[in-house]
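# Chain and residue survey
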Amino acid sequence: MTSPLSPAARSDLLARGYSRRSFGRIATLLAAGATAHALTNSAKAAILPSGIDFEGMTRLGSNECWTGPFPEAAQAGASSVFQSNRYDPTGHMRDDLIKAASDVEGIPQTHVMTWCGSSDPLARAIVTFCSPTRGLVTADPSYEAGWVASEWLKIPLARVPLSAKNGYRTDVRAMLAADPNAGVYYICSPNNPTGTLTPLRDIAWLVEHKPKGSVVLVDEAYIHFSHAPSAVELVSKNKDVVVLRTFSKMFAMAGMRLGLTFARPDLHESMMRYDGKSATAMLPVPAMACGTMSLTMKSAIDARRQEMVAARNMTFQHLRKRGIHFIPSEANMFVIDWKKPAEPIKDAFLQQKVVIGRSWPIWPNASRITVGSMDEMKTFCTVLDRIIA
């Protein structure tokens, strides 16, 4: 097929070990086609089983927020719909979003990039910093989108199992040992599906000891549900770090598709060299309006976090009373080890109109459970008692 990649982009890819046959795959990946296709046919199918009417279901399967966007932010987004005949009604909506993120995180605006969600920059970072000779390293289990991208691009992949010995936290030293010459070391913190944190000091250690020319890609989709310090601190020191953020979780904007990355300008420029900046400049007007206001609503963020923690603690207390093993979490999800195959249990919950999350190949006896509202988690506990005698 004819590749839309620029001559400079093709030259860069060839110099880093990609073949001309890979150009079409890279162009497709950056258009989100391959990633969307693969996730739809595998992981997404596990989240949203086909043929299911979700009306009236308790949905604890895909780490969505249990409620909508903050009301004031949603109103800002709704009002902007009537101005959405313009690509940018004010001429500075995207700049306003960048400034809000810069102010909240205490980082220069030059280090902030906007996106339609975080899937594009995740895949793009792998294209940019990995190659057929410089692979990807992740924890296992963790968010699988990077695995999909590496398989599609035919680049090396190393998956480092999480272990009870260190509290199921990502083992950065084992990651470096698994591939001392990787292009990307991907850390999801809090991790999906376990909700466990990777201490910032561990991330900083990996940044200092990783090979030259690689990056540490830190996915902070769930950071607002914890009180953990952000790896944006390392970005502010101009380290080889790219931080991913999405508005899909705490800000309850999964269907509005908005995300951010924090990185040095030269790292962002490298990520954009294949198709220009159109992927970051054309954003949905309602999402920008809603997202910009959401970032600044500290009291509302704190209150929503506390609401989630209360529902999660209630659930954990119930599981402890039942003697059911789970991994303590710092996010709006956790993992239960059923000590037997998880798929029949998932089906049993579905029969009771409760949708729970999927398993990962490394842990076929475990399920990821999203933390919903207090009422939803009480429903989960009631149904669990019916299913697990």
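Everything numeric here is computed off the predicted structure, so don't read it as measured data. (Residues numbered from 1 in each chain as written. Predicted model: local features only at pLDDT ≥ 70, side-chain atom pairs only at ≥ 80, totals over all residues. Heavy atoms only, no water.)

Counting its secondary structure elements, the protein contains 17 helices and 12 strands. Relative to the globule expectation of 21 Å for 389 residues, the C-alpha radius of gyration of the protein, 21 Å, shows essentially globular dimensions. C-alpha extents for the protein along the principal axes are approximately 65 × 50 × 40 Å. Look at the contacts in the protein between residues 6 or more apart in sequence, and 74% of them connect residues 24 or more apart. If you sum the accessible surface of the protein, you get close to 16,500 Å²; carbon and sulfur atoms cover 54% of it. Here the protein contributes 43 positively and 34 negatively charged side chains, and the mean placements of these two sets differ by 4 Å. (Helix = DSSP H or I, 4+ residues; strand = E, 2+ residues; numbered from the N terminus. Rg over C-alpha atoms; globule rule 2.2 N^0.38 Å. Contact = heavy atoms within 4.5 Å. Areas by Shrake-Rupley, 256 points an atom, 1.4 Å probe, with all protein chains shown as cover. Lys, Arg positive; Asp, Glu negative; His and termini not counted. Charge placed at Lys NZ, Arg CZ, Asp CG, Glu CD.)

A word on the domain arrangement of the protein. When the parts come together, some accessible area is lost, and that loss is often what is quoted as the size of the interface. Per the domain assignment, the segments of the protein are domain 1 (7–41 + 69–296) and domain 2 (49–67 + 298–388). Once you take the C-alpha centre of each, domain 1 and domain 2 turn out to be 26 Å apart. Contacts between domain 1 and domain 2 engage 30 residues on the former and 26 residues on the latter. Counting the surface lost from both domain 1 and domain 2, the interface buries some 2,300 Å², and carbon and sulfur atoms represent 64% of this. Between the two partners, domain 1 and domain 2, sit 9 residue pairs in polar contact (both at pLDDT 80 or more). Split into classes, the residues belonging to the side of domain 1 that touches domain 2 amount to 16 nonpolar, 11 polar and 3 charged. (Domains from an automatic or database assignment. Buried area = accessible area lost by both parts, 1.4 Å probe. Polar contact = N/O pair within 3.5 Å; in protein donor to acceptor, adjacent residues only side chain to side chain. Nonpolar A, V, L, I, M, F, W, Y, C, P; charged D, E, K, R; others polar.)

This paragraph deals with the pattern of salt bridges. Tallied over the entire structure, the rule returns 16 salt bridges. In this structure, lysine 298 engages aspartate 302 in a salt bridge whose closest nitrogen and oxygen atoms are separated by 2.9 Å. Taken together, the positions of lysine 298 and aspartate 302, both in helix H15 (residues 298–322) and 4 residues apart, correspond to about one turn of that helix. Each of Lys210, Asp240, Arg264 and Asp266 takes part in a single network of salt bridges with overlapping partners. (Salt bridge = Lys/Arg side-chain N within 4 Å of Asp/Glu carboxyl O.)

Let's shift gears to the sheet that holds strand S8 (residues 259–262). Taken in spatial order, the 7 strands make up an open sheet running S2-S8-S7-S6-S5-S3-S4, and their pairing is mixed. If you trace the sheet from one side to the other, it starts and ends with strand S2 (112–115) and strand S4 (157–161), each paired once. For this sheet, the mean inter-axis angle between neighbouring strands, taken without regard to orientation, is 20°. (Pairing = 2+ DSSP bridges. Axes fitted to C-alpha atoms, helices over the stretch in contact; angles between N-to-C directions.)

Taken together, the 3 strands give an open sheet; going across it, the order is S9-S10-S12, and neighbouring strands pair in antiparallel fashion. With one partner strand each, in any of the chains shown, strand S9 (325–327) and strand S12 (366–370) form the two edges of the open sheet. The average angle at which neighbouring strand axes cross in this sheet is 30°, direction not considered. Inspection of the sheet shows strand S10 (residues 333–337) paired to S12 by 5 bridges, in the antiparallel sense. Each bridged residue has a counterpart across the sheet, and for phenylalanine 334 the counterpart in S12 is isoleucine 369.

With that settled, consider the nonpolar core. Ranked by size, the top nonpolar core spans 77 residues in total, and within it Phe262, Phe334, Ile336, Trp338, Phe349, Phe380 and Leu384 carry the most contacts. Per element, the largest residue contribution to this core is 6 residues, and it comes from helix H14 (residues 285–295). No fewer than three residues from each of domain 1 (7–41 + 69–296) and domain 2 (49–67 + 298–388) sit in this core. Counting residues in each nonpolar core, the second largest holds 34 residues, with Leu5, Tyr18, Leu122 and Ala149 among its members. (Core = buried A, V, L, I, M, F, W, Y, C linked by side-chain atoms within 4.5 Å. Buried < 20%, exposed > 50% of the residue type's maximum accessible area, 1.4 Å probe, protein only.)

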